[in-house]
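A structural walkthrough
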Amino acid sequence: MKIPKRVLVIEDSTMLIRPVCRMVEEVGFEAVPVMSLAELEQQLASEARFSAAVADYCLPDAPSGEALPPLFRAGIPTIVLTAHNDQQTRDDILSMPVVDYIPKDSPSALDYLMRMLKRIDRNPQIKVLVVDDSHTTRSLLRDYLRRHLYQVLEAVDAEEALQILREHSDVSLVLADYGMPGMDGAQMTSAIRRLYTHTRLAIVGISVQQDKTMTPRFLKAGADDYLQKPFTFEEFTCRITRNIEFVENLMTLEHLAHADPLTGLSNRRHLFEQVQKIRGAYGIAIIDIDHFKQINDGFGHDVGDVVIQHLADRLREHFPRAIVARFGGEEFVVLMKRDAAHPLAQRLEELRQEVEREEVDSHKGTVRYTISIGMAAATAPDIRELLRLADERLYKAKQNGRNRVCAS
Ligand SMILES: Nc1nc2c(ncn2[C@@H]2O[C@H](COP(=O)(O)OP(=O)(O)OP(=O)(O)O)[C@@H](O)[C@H]2O)c(=O)[nH]1
């Protein structure tokens, strides 16, 4: 079981500490409530490790943010919640290495806090590429991004940036300076867009030039946003968060459109989209659970679902590099490039034998099941014809007694 990461909730108001702790737990952290600087020092001296802190700026024994430096010294990413919304306090807080600053009187303070906590949890897996020829700007942006726990990659020009993007296809955001030697930021944006769509990667253009054409130049080249230098840490944070959330939401939608909800495998539509990517000789198999209706009737539909998930897991294990899709009900398709060293028919037979041997545990007892398989192979990429042939052979496998592979 995953052990939840701990978050310190430092707040002296009994009215507020409970909803903040609840929110922290909703995001998946364990909330550790603390009501004074003295209690905080005890926690920091203990063995406990903390992933983040939500800290009130003003505590009875720490009226002017004295609780913050011990958190920074302990390397704990800290979001400050404060009732003091005057310019001086705001500037003081933002001059420190905080993750963010949230005024308590804002009607959306708790919703914003929730978003920032989710970011603290997810950002360590997210890569951001900073492209700027100025060492000073790169280190400023690196500092801002690291405060938010992003993984930061850096390039001094477009050429290096494109090379990094070829090596790291999982970069989610590029910060593109306009004025660089070689390609400028807008030209680089166009080049990046030839490699990655908006669904995979956001680009934010940055420039110091007070030129009204700069924003449209970047946006028309394929950027998602534009930041005019100089910008504050607060503005930077809001824009970066919004762009990262946008990419994440698009990726979630894409995943939902492509995945079968029960097994997480590709759905039928995604299978047909993926086929276009295969070049050369390939093989296809349709795998169908035998007498599945009897499993549903005997054990219940929920146990039927467990059996479907069991077969999906076996398919994933046996065919890690193939396209594996749930084609419908209890029917799956495996599509893969031909591999002379380990032919598809042999691999399907190994799968069939393993399924036959295994027992599936369920709350209604142990279930055993078998599968029938029809397969076909071709050199020409005519997926529909191959599927028709594999389906004919699956029918043959069923007619000949089930629990077998039929390849001709
Ligand atoms: N539990 C569960 N059952 C499903 C799902 N989708 C389809 N089914 C059931 O799968 C069963 C398929 O039954 P049939 O097509 O008659 O085939 P079978 O019983 O497997 O018999 P053979 O294929 O001839 O060996 C039907 O009872 C469907 O209701 C699902 O997502 N979950």
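Procedures and definitions
- Residues numbered from 1 in each chain as written.
- Predicted model: local features only at pLDDT ≥ 70, side-chain atom pairs only at ≥ 80, totals over all residues.
- Near = placed C-beta within 6 Å.
- Helix = DSSP H or I, 4+ residues; strand = E, 2+ residues; numbered from the N terminus.
- Nonpolar A, V, L, I, M, F, W, Y, C, P; charged D, E, K, R; others polar.
- UniProt positions renumbered as here; feature names shortened; annotations may be inferred.
- Buried ≥ 20, exposed ≤ 12 C-beta atoms within 10 Å, placed from the backbone.
- Contact = placed C-beta atoms within 7 Å.
- Pairing = 2+ DSSP bridges.
- Right-handed = clockwise from strand over helix to strand, strands pointing away.
- Core = buried A, V, L, I, M, F, W, Y, C linked by C-beta atoms within 7 Å.
- Domains from an automatic or database assignment.
- Axes fitted to C-alpha atoms, helices over the stretch in contact; angles between N-to-C directions.
- Parallel < 35°, antiparallel > 145°, perpendicular 65-115°, else oblique.
- Left-handed = near helix turned anticlockwise from the far one by under 90°.

The next thing to look at is the site of the ligand. Residues in contact with the ligand amount to 16 residues; listed here are only the nearest, Asp290, Phe292, Lys293, Gly304 and Gly329. Per element, the largest residue contribution to the shell around the ligand is four residues, and it comes from helix 13 (residues 301-318). Split into classes, the residues belonging to the shell around the ligand amount to four nonpolar, five polar and seven charged.

Let us now look at the UniProt feature "modified residue: 4-aspartylphosphate" (unreviewed entry) in the chain. The sites that UniProt annotates as "modified residue: 4-aspartylphosphate" (unreviewed entry) are Asp56 and Asp177. What stands out for the annotated residues spanning 122 residues is how far apart their C-alpha atoms range, the widest pair being 36.0 Å apart. In this structure, Asp56 sits in strand 3 (residues 52-56). When the 23 C-beta atoms within 10 Å are taken as the criterion, Asp56 is described as buried. Those residues within four positions of Asp56 in sequence are excluded, and the remaining contacts are Ile10, Glu11, Asp12, Leu81 and Thr82. Note on placement: Asp177 falls in strand 8 (residues 171-177). With 25 C-beta atoms packed within 10 Å, Asp177 lands in the buried category.

Moving on to the pairing of strand 4 (residues 78-82). Among the five residues in strand 4, five count as buried, and that is most of the element. Taken together, the four bridges between strand 3 and strand 4 define a ladder with parallel strand orientation. Counterpart to Ala55 in the pairing with strand 4 is Val80. With respect to chirality, the unit in which strand 3 leads through helix 3 (residues 68-73) into the neighbouring parallel strand 4 is right-handed. Two strands pair when backbone bridges link them, and strand 4 and strand 5 (residues 100-103) are joined in this way by four bridges, in the parallel orientation. If you follow Val80 over to strand 5, its bridge partner there is Tyr101. Taking the sense of rotation as the criterion, the β-α-β connection linking strand 4, helix 4 (residues 87-94) and strand 5 turns out right-handed.

Grouped together as the largest cluster of nonpolar side chains are 38 residues, with contacts concentrated most on Ile284, Ala285, Val333, Val334, Ile373, Met375 and Ala390. Counting residues per element, the ones that place at least two in this core are strand 11 (282-289), helix 13, strand 12 (323-328), strand 13 (331-337), helix 14 (344-357), strand 16 (371-378), helix 15 (383-399) and strand 17 (405-406). No other element matches strand 11, which puts six residues into this core. If we ignore the near neighbours within four places in the chain, the residues touching Ala390 are Ile284, Ala285, Ile286, Gly374, Met375 and Ala376.

Bringing the domain arrangement of the chain into the picture now. Taken domain by domain, the chain consists of domain 1 (6-121), domain 2 (126-258) and domain 3 (268-406). Look at where the C-alpha atoms of domain 1 and domain 3 centre, and you get two points 52 Å apart.

This part covers the packing of helix 7 (residues 158-167) against helix 8 (residues 185-195). Following both chains from N to C, one finds helix 7 and helix 8 inclined at 15°, their axes separated by 10 Å at the closest point. Classed by the angle they form, the pair helix 7 and helix 8 counts as roughly parallel. Handedness of the crossing formed by helix 7 with helix 8: right-handed. Note on element contacts: helix 8 touches helix 7 through Gln187, Met188, Ala191, Ile192 and Leu195, opposite Ala158, Ala161, Leu162 and Leu165. The residue makeup of the contact of helix 7 with helix 8, split by class, is eight nonpolar, one polar and no charged.

Right, let's talk about the sheet that holds strand 3 for a bit. Backbone hydrogen bonds hold the strands of a sheet together, and the pairing may be parallel or antiparallel. The sheet built from five strands is open, its strands ordered 2-1-3-4-5 with parallel pairing. With partners counted over all chains shown, the strands left at the sheet margins are strand 2 (30-34) and strand 5, one partner each. When the angles between neighbouring strand axes are averaged without regard to direction, this sheet yields 20°. As paired strands, strand 1 (residues 6-10) and strand 3 are joined by four bridges and run parallel to one another. Directly across from Ile10, in strand 3, lies its bridge partner Ala55. Running at roughly 155° to strand 2, helix 1 (residues 14-26) makes contact with strand 1, strand 2 and strand 3 of the sheet. Across the face of the sheet, helix 5 (residues 109-122) comes into contact with strand 3, strand 4 and strand 5 while running at roughly 165° to strand 5.

Quick look at the sheet that holds strand 13 now. On the basis of which strands lie adjacent, the open sheet formed by five strands has the order 12-13-11-16-17 and mixed pairing. Edge positions in the open sheet fall to strand 12 and strand 17, since each of these has one partner strand only. Bridging between strand 11 and strand 16 involves eight bridges; their strand directions are antiparallel. In the sheet register, Gly283 faces strand 16, and the bridge partner there is Ala377.

Another point: unusual backbone geometry. In this model, Lys229 is joined to Pro230 through a cis peptide bond whose omega is 0°. For Pro230, the location among the structural elements is in the loop between strand 10 (225-228) and helix 10 (233-258).

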